[in-house]
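For reference, the chains in residue letters:
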Amino acid sequence: MTKINSKIPNGPVSEKWLNYKAGCKLVNPSNKRKLDIIVVGTGLAGASAAASLSELGYKVKAFCYQDSPRRAHSIAAQGGINAAKNYQNDGDSVYRLFYDTVKGGDYRAREANVYRLAEVSNNIIDQCVAQGVPFARDYGGLLDNRSFGGAQVSRTFYARGQTGQQLLLGAYSALSRQVALGGVELFTRRDMLDVVLVDGKARGIIVRNLKTGEIEKHSAHAVVLATGGYGNVFYLSTNAMGSNISPAWQAYKKGAFFGNPCFTQIHPTCIPVHGTYQSKLTLMSESLRNDGRIWVPKNMEAVEKIRKKEINAQDIPEEERDYYLERRYPAFGNLVPRDVASRAAKERCDAGYGVNQEGLAVYLDFKDAINRLGKDVVEARYGNLFQMYEKIVDENPYQTPMMIYPAVHYTMGGVWVDYELMTSIPGLYCLGEANFSDHGANRLGASALMQGLADGYFVLPYTIGNYLASEIHTPRFKTDMPEFEKAAQDVNNRINTLMEIKGTQTVDSLHKKLGHIMWEYCGMARNEEGLKLGIKKIQDLKAEFWKDVKIPETTDIFNQELEKANRVADFIELGELMMRDALNRKESCGGHFREESQTEDGEAKRNDADFAYVAAWEYKGENAEPELHKEDLKFEVVELVTRNYK
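Computed from a prediction, not measured in an experiment: that's the story for all the values here. (Residues numbered from 1 in each chain as written. Predicted model: local features only at pLDDT ≥ 70, side-chain atom pairs only at ≥ 80, totals over all residues. Heavy atoms only, no water.)

Peer 1: An account of the overall build of the chain is requested, with residue identities and associated values reported.
Peer 2: Within the chain one finds 18 helices and 19 strands. For the chain, whose C-alpha radius of gyration is 24 Å, the value lies close to the compact-globule estimate of 26 Å for 646 residues. A principal-axis box enclosing the C-alpha atoms of the chain has dimensions of 75 × 60 × 50 Å. Here the chain, with 646 residues, has 62% of them falling under the buried criterion. In the form shown here, the chain has an accessible surface area of approximately 24700 Å², with 48% of it arising from carbon and sulfur atoms. Computed over 80 positive and 83 negative side-chain charges, the inter-centroid distance for the chain is 3 Å. (Helix = DSSP H or I, 4+ residues; strand = E, 2+ residues; numbered from the N terminus. Rg over C-alpha atoms; globule rule 2.2 N^0.38 Å. Buried < 20%, exposed > 50% of the residue type's maximum accessible area, 1.4 Å probe, protein only. Areas by Shrake-Rupley, 256 points an atom, 1.4 Å probe, with all protein chains shown as cover. Lys, Arg positive; Asp, Glu negative; His and termini not counted. Charge placed at Lys NZ, Arg CZ, Asp CG, Glu CD.)

Pasting the structure below:
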């Protein structure tokens, strides 16, 4: 087992980042111009990193598979971004944001990383306001805040229900400025299919031009992955259809450890599945739980009448409604963390109280908020979300309660990185949702945008210099080196193999099969027997994929089926690793719920004696089992206790 060096600085947690910045190596301006950096992904983490690095003077190449960086999945984030500004004067602080995040992640995150995240959160708001991000403001003109799950303070800054889009436009404007100045060279419609190592260091990438099919080689002194999460391994998720694991997975297969792959977040507030041919799910922002109340009928007779459409939800008297989150968790009520709310909804539906035809939905009701605040106030806060719900479901949520059910949303696991955001491959960095670092076993709402921008604007610009200071004498690389030629040939061989299969099953049909296996055996609840069976089913599916997948057309055109095939092949392999990780972790924590490890009242039961570590998996070959490395988690500030939201 390799000893993991997470490079966490010495000293008190509140001084680690300050001490690191004071002592890290620097690169002078003239030397920065000699150094090239590749950034893959142009969402919040990637766009902010590319813009910041270019502004420092580095030469940057930025890649995305979309036709514009503005189409990154970060735009889909709705509810807000956390920061410890304490504008509400309600007791918030950097320490309290740090504490809430560690607790919300069920004590499976690094203290040092989380404290740094809380520390730089305030800088993010200042940066975004300076960029013109139109955050909501109160009557006096000051920035407004609202509450999110897992916190008893209001620390979430927001722009109605489109915060991610507005933040991305800010980062995109910074990126566009650097493109215009010549500091960033932008490559759109490029799919990264391999990372190139020279003498053990990341020195470039291999991409496919999605319009022409050409395989391209690009070199740099360092490579940064900011490619998002892997929720689409479940097929149905709230992720954009193009969201994928391939860049991170190719890094894993080149030696980068993969951290905590089984830590997947199930979001409690999604529109339920409504059709066999549905290709993705729609998230309704967690911010709705500020004013909405979640309930199901108390008696089964009312449930049956609702399903038969003999009565409507609003016909159920108040005394016959079970506001089960308020009943079970009086201290936090409807604002418990996502994993807690999701399991509670599943428990009610499993008990037979689900309110749609399939029995897989609960109500999110705004009746009380409208009566208390008025429809105009509710509309000002959530209007675009209500409009979106009505367009999809064809019901007016101002008049009838929304129906919601948990769905796959965010992945806390990802490429393992140290305190500097470097992977176990020197010169290869990973930011945002693509890495594992800041959220433990469950992410609190409004923290994804915070981490992405923190990594890109305020962390990587310092930490990458600590590495590149030793690279100033390394000349720019040419892509005719043997390592680049071999990586490009490997990519071509894989594409040719896929095209030659000429099977009978579409990529989507095989992806759906994978999704069913993942949800059934590694979804909201897992157990040993199911995980062992799931691993066998995925191995069989992998053989079926490489024997019977059907990819039409040719490789020298815009071929979306080929794109998807490459990604689904990686998802299948990732699915097996997720199940191995879930099987190994014999405890329940956050979004990882082992049925064998629960309390008498159905809450997650951790095993701190044996599993207070990051599971870092190392690839050992095509047909070999991966090797598990453990990074022990040390809690010097926050006491390891059972989470309590009651």
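Peer 1: Mind laying out the packing of aromatic side chains, listing which residues take part and the relevant values?
Peer 2: Here a ring pair, both rings aromatic, is described through the centre-centre distance and the interplanar angle of the planes. Summed over all chains, the structure comprises 29 aromatic pairs. Ring centres of Trp17 and Tyr462 lie 5.7 Å apart, and the angle between their planes is 80°; on these two criteria the pair is classed as edge-to-face. Of this pair, Trp17 sits in helix 1 (residues 16-23) while Tyr462 is found in helix 13 (residues 448-468), placing the two residues 445 residues apart along the sequence. Of the residues examined, Trp17 reaches a relative accessible area of 3% and is grouped as buried. On the accessibility criterion, Tyr462 (37% relative accessible area) is partly exposed. (Phe/Tyr/Trp six-rings, centres within 6.5 Å; stacked < 30°, edge-to-face > 60°.)

Peer 1: Give me the lowdown on helix 8 (residues 300-307), citing residues and values where you can.
Peer 2: Along helix 8, the residues classified as buried are Ala302, Val303, Ile306 and Arg307. The arc that holds the buried residues of helix 8, viewed along the axis, is 135°, so those residues lie on one side. Immediately beyond the C-terminal end of helix 8, within one or two residues, lies Lys309, with a positive phi of roughly 60°. (Arc of directions from axis to C-beta.)

Peer 1: Could you give an account of the side chain of Gln250, naming the residues involved and the relevant values?
Peer 2: Looking at the secondary structure, you find Gln250 in helix 7 (residues 246-253). Residue Gln250 is classed as buried on the basis of its relative accessible area of 10%. Sequence-distant contacts of Gln250, that is, excluding residues within four places in its chain, are made with Leu193, Asp194, Val195, Arg494 and Asp570. (Contact = heavy atoms within 4.5 Å.)

Peer 1: An account of the environment of Tyr521 is requested, with residue identities and associated values reported.
Peer 2: If you trace the backbone, Tyr521 turns up in helix 15 (residues 507-522). Of the residues examined, Tyr521 reaches a relative accessible area of 17% and is grouped as buried. For the pair formed by Tyr521 and Tyr363, sequence separation is 158 residues and the distance between their alpha carbons is 27 Å. Filtering out sequence-adjacent residues up to four positions away, Tyr521 remains in contact with Arg526, Gly530, Leu531, Leu533, Gly534, Lys537 and Met579.

Peer 1: Give a detailed account of helix 12 (residues 375-393), specifying residues and quantitative values.
Peer 2: With 19 residues, helix 12 extends only 20 Å from end C-alpha to end C-alpha; this falls clearly short of the ideal 27 Å at 1.5 Å per step. Largest kink in helix 12: about 85°, centred on Tyr382. Turning to helix 12, its buried residues are Val378, Tyr382, Gly383, Asn384, Leu385, Phe386 and Tyr389. Check the buried side of helix 12 and you find it contacts helix 11 (367-373) and strand 15 (402-411). At the exit of helix 12 stands Asp394, carrying a positive phi of roughly 65°. (Expected span 1.5 Å × (residues − 1). Bend = angle between axes of the 7 residues up to and from the residue.)

Peer 1: With reference to specific residues and values, describe the state of the cysteines.
Peer 2: Enumeration according to the criterion identifies zero disulfides in this entry. Cys589 carries a free sulfur, and the closest cysteine sulfur to it, the one in Cys262, is 6.8 Å from it. In this structure Cys589 comes out as buried when scored by relative accessible area, which is 0%. (Disulfide = S-S within 2.5 Å.)

Peer 1: Describe in detail the sheet that holds strand 7 (residues 201-209), supporting the description with residues and values.
Peer 2: Pairing is antiparallel across the open sheet formed by three strands, whose spatial order is 6-7-8. Of all the strands in the sheet, the pair left with one neighbour each is strand 6 (190-198) and strand 8 (215-219). Direction aside, neighbouring strands of the sheet carry axes that sit 25° apart on average. The pairing of strand 7 with strand 8 spans five bridges and is antiparallel. Paired with Gly204 across the strands is Ser219, a residue of strand 8. Relative to the sheet, helix 14 (residues 482-501) contacts strand 6, strand 7 and strand 8, its axis offset from that of strand 6 by approximately 140°. (Pairing = 2+ DSSP bridges. Axes fitted to C-alpha atoms, helices over the stretch in contact; angles between N-to-C directions.)

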